[in-house]
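Breakdown of the fold
Each chain, letter by letter, is given below.
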Amino acid sequence: MGEVINVRRFMVPFLLVALSTTSSFLVKAQDVSEPVLDVSGNAVRTGVNYFILPAARGNGGGLQVASIRNQTNPLVVSQNADESVIGVNLQFSPVDPKENTIRISTDMNVKFTSMSISDSSTVWRINTELIPQRYLVTVGGVEGNPGRETLGNWFKIDKYEDAYKLVYCPGVCNICRPFCGEIVEDGPVS
């Protein structure tokens, strides 16, 4: 069984990246090396299974994958509506493969580890093609290989009040200008 990371205000039926200016997602320089902590106060580590749950109880359960528009590919990252369901194990992999700790506002891959999907990886990615003008978090990404070709596969964990939030604002490509936003709820997609 994995550890739990408390998060606030994200992960309900379908995840979208809300477009916004990057300034609201920047963290002060002294916070960059600060480790992300699990609910026990321990640093989040690579190679360890975790669950992501809402920080406020009563806001649904853990993360899973779901089909959209009756399609099986790609599957979207979603939140179980039942708060008693803790979801699927996942792991984080920082951009620096030598790093063993997940740090605030540092690029990382996220992947589900207690499931397999035929013909797809369980690594998260931003999907901009599935629904026009919507940015969904789906599986099927590539782990590692930071750069232009994998830009959609990199996420960050930032502080949000007394908890954390997931954001998309990759810094793995010096010449790229990706859009930035936090992963927020946007309701069901039909």
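These lines cover the structure that appears in this document, whether it is placed above or below. (Residues numbered from 1 in each chain as written. Predicted model: local features only at pLDDT ≥ 70, side-chain atom pairs only at ≥ 80, totals over all residues. Heavy atoms only, no water.)

1. Overview of the pairing of strand S10 (residues 156-160)
Look at any regular strand and the pattern is simple: side chains alternate between the two faces of the sheet. As paired elements, S10 and strand S11 (residues 163-168) share five bridges and run antiparallel to each other. Following the sheet pairing, Lys156 is matched in S11 by Val167. Counted along the chain from S10 to the antiparallel partner S11, the turn is two residues long, and its residue Glu161 has a positive phi close to 55°. (Pairing = 2+ DSSP bridges. Helix = DSSP H or I, 4+ residues; strand = E, 2+ residues; numbered from the N terminus.)

2. Regarding the layout of surface pockets
Regions of empty space are outlined by a rolling probe, equal in size to a water molecule, passed over the atoms. Space inside the largest pocket adds up to approximately 160 Å³. If you trace the largest pocket, you find 14 residues lining it, with Arg125, Ile126, Leu151, Gly152 and Asn153 closest to the centre. Residues that form the lining of the largest pocket fall into these classes: five nonpolar, six polar and three charged. (1 Å grid on protein atoms, 1.4 Å probe; cavity = no way out; pocket = protein on both sides within 12 Å on 5 of 7 lines; lining within 4 Å. Points joined across faces, edges and corners; volume = space filled by probe spheres on them. Nonpolar A, V, L, I, M, F, W, Y, C, P; charged D, E, K, R; others polar.)

3. Considering the pattern of salt bridges
Evaluated as defined, the whole model comprises four salt bridges. Its salt-bridge partner being Lys159, residue Glu34 comes within 2.7 Å of it at the nearest N-O pair. In this pair, Glu34 sits in the loop between strand S2 (15-20) and strand S3 (50-54) while Lys159 sits in strand S10, placing the two residues 125 residues apart along the sequence. The exposure class assigned to Glu34 is partly exposed, which follows from its relative accessible area of 24%. Using a relative accessible area of 42% as the deciding quantity, one classes Lys159 as partly exposed. Where Lys165 meets Glu182, a salt bridge forms, and the shortest distance between an N and an O atom there is 3.7 Å. Linking Lys165 in strand S11 with Glu182 in strand S12 (residues 180-185), this pair joins segments that are 17 residues apart in sequence. (Salt bridge = Lys/Arg side-chain N within 4 Å of Asp/Glu carboxyl O. Buried < 20%, exposed > 50% of the residue type's maximum accessible area, 1.4 Å probe, protein only.)

4. A word on the nonpolar core
Leu90, Phe92, Phe112, Trp124, Val139, Phe155 and Ile157 are the most contacted members of the largest nonpolar core, which totals 32 residues. For this core, the secondary-structure elements that each account for two or more residues are S3, strand S4 (63-68), strand S5 (71-79), strand S6 (90-94), strand S7 (108-112), strand S8 (124-127), strand S9 (136-139) and S11. Those residues in contact with Phe112 that sit more than four places away from it in its chain are Leu63, Gln64, Val65, Val77, Val88, Asn89, Leu90, Thr122, Trp124 and Val139. Membership of the second largest hydrophobic core comes to six residues, among which are Ala66, Ile68, Leu130 and Leu136. (Core = buried A, V, L, I, M, F, W, Y, C linked by side-chain atoms within 4.5 Å. Contact = heavy atoms within 4.5 Å.)

5. Structural notes on the environment of Lys165
On the basis of relative accessibility, which here comes to 9%, the residue Lys165 falls in the buried class. The spatial distance from the C-alpha of Lys165 to the C-alpha of Ala55 is 10.0 Å, given a sequence separation of 110 residues.

6. Observations concerning the packing of aromatic side chains
Going through the model one piece at a time under the given rule, you end up with six aromatic pairs. Geometrically, the ring pair formed by Trp124 and Phe155 is edge-to-face, given 5.9 Å between the ring centres and 85° between the ring planes. Here Trp124 is found in strand S8, whereas its partner Phe155 is found in the loop between S9 and S10, with 31 residues between them in sequence. Taken together, the ring pairs in this structure connect Phe112, Trp124, Tyr135, Phe155, Tyr168 and Phe179 into an aromatic cluster. (Phe/Tyr/Trp six-rings, centres within 6.5 Å; stacked < 30°, edge-to-face > 60°.)

7. Comments concerning the side chain of Asn80
Within the secondary structure, Asn80 sits in the loop between S5 and S6. For Asn80, the side chain forms a polar contact with the main-chain nitrogen of Asp82, separated by 2.8 Å. Ignoring anything within four residues of it in the chain, the contact list for Asn80 reads Gly60, Gly61, Gly62, Gln64 and Val85. (Polar contact = N/O pair within 3.5 Å; in protein donor to acceptor, adjacent residues only side chain to side chain.)

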